[in-house]
Amino acid sequence: MTLRHSYEDDQMRFDRHARPHRAVDTLRLEYLLRHLVAEGTPHLLGDPDWVGRAVAYLAGGTNLWRTAPSLRRVTVQALAAAGPAAPDRATAKPPSAS
């Protein structure tokens, strides 16, 4: 994964997991991130409990969730399963620039 910093790129390696991630897990995460950005709610990623609930739902799926419609559907289901974020955890939207 590459993170972009103002002046340099950082490479992050995910090598301390108990097992490798399946390709379908990566697709599910991508659809979750796309949905959060499209809905203007990426701030939910600041609540680790909420992220844990959403990812736990996505991780429990089968390999059948590979088509675009099924990935969109399971993303909406994961958001519903995760429920609302805690009021004190990154749920306040950042102030808009005027």
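For the structure, check the block above.
To start, this report covers the structure provided alongside it. In this text the structure is predicted, and so the values were computed from the model without any measurement. (Residues numbered from 1 in each chain as written. Predicted model: local features only at pLDDT ≥ 70, side-chain atom pairs only at ≥ 80, totals over all residues. Heavy atoms only, no water.)

## Here's the deal with the nonpolar core
Definition in use: Residues belong to a common nonpolar core when they are buried Ala, Val, Leu, Ile, Met, Phe, Trp, Tyr or Cys residues joined through side-chain atoms within 4.5 Å. Classification of residues uses two cut-offs on accessible area relative to the type maximum, computed with a 1.4 Å probe and protein chains only: under 20% is buried, over 50% is exposed, and between them is partly exposed. The way it works is that DSSP assigns letters per residue, a run of H or I at least four long becomes a helix, a run of E at least two long becomes a strand, and they are numbered from the N terminus. The contact definition used throughout considers only heavy atoms, calling two residues in contact when any of these lie within 4.5 Å.
Within the largest apolar cluster, eleven residues are counted, these being Leu32, Leu36, Leu44, Trp50, Ala54, Leu58, Val74, Ala78, Leu79, Ala82 and Ala85. Mapped onto this core, the elements with two or more residues apiece are α1 (23-38), α2 (48-59) and α3 (68-82). Ranked by residue count, the leading element in this core is α3, at four residues. Setting aside chain neighbours within four positions, we find leucine 79 in contact with Leu32, His35, Leu36 and Trp50.

## Side note on α2
Residues lying three or four places apart along an α-helix face the same way, a consequence of the helix completing one turn every 3.6 residues. Cut-off, in case you're wondering: One less than the number of residues in a helix, times 1.5 Å, gives the span that helix is expected to have. Within 3.5 Å is the distance limit for a polar contact, defined as a pair of N or O atoms, with the added protein rule that one can donate a hydrogen and the other accept it, and that residues adjacent in sequence qualify only through two side-chain atoms.
Over its twelve residues, α2 runs 16 Å from end to end, which matches the ideal 16 Å to within 8%, given 1.5 Å per residue. At its buried positions, α2 is contacted by α1 and α3. Where α2 starts, the residue carrying a side-chain oxygen 3.1 Å from the main-chain nitrogen of aspartate 49 turns out to be aspartate 47.

## A short note on the side chain of threonine 75
Secondary-structure assignment places threonine 75 in helix α3. For threonine 75, a relative accessible area of 2% gives the class buried. Setting aside residues no more than four positions away along its own chain, threonine 75 makes contact with Arg28, Tyr31, Leu32 and His35.

## Comments concerning a nonpolar patch on the surface
This is how the line gets drawn: Patch membership requires over 30% relative accessible area and the absence of a salt bridge. Like charges are linked within 9 Å, and nonpolar side chains (Val, Leu, Ile, Met, Phe, Trp, Tyr) within 5 Å. Methods summary: accessible areas were calculated by the Shrake-Rupley approach with a probe of 1.4 Å, and residue burial reflects only the protein chains presented. Any Lys or Arg side-chain nitrogen located within 4 Å of an Asp or Glu carboxyl oxygen qualifies as a salt bridge.
A grouping of Leu29, Leu33 and Leu45 is seen on the molecular surface, where their side chains present a nonpolar patch of about 230 Å² in accessible area. Considering the arrangement of structural elements, one finds leucine 33 in helix α1.

## Overview of the environment of glycine 83
With respect to the helices and strands, the residue glycine 83 is situated in the segment after α3. Sequence-wise, glycine 83 and tryptophan 50 are 33 residues apart; in three dimensions their C-alpha atoms are separated by 7.4 Å. The residues contacting glycine 83, other than those within four sequence positions of it, are Trp50 and Arg53.

## As for the pattern of salt bridges
Enumeration over the complete set of coordinates arrives at two salt bridges. The partner of glutamate 30 in a salt bridge is arginine 34, and the shortest N-O contact between them spans 2.7 Å. Highlighted residues: glutamate 30 and arginine 34, both in helix α1, separated by four residues, approximately one helical turn. Glutamate 30 gets classed as partly exposed once you look at its relative accessible area, which sits at 32%. Its relative accessible area of 53% is what places arginine 34 among the exposed residues.

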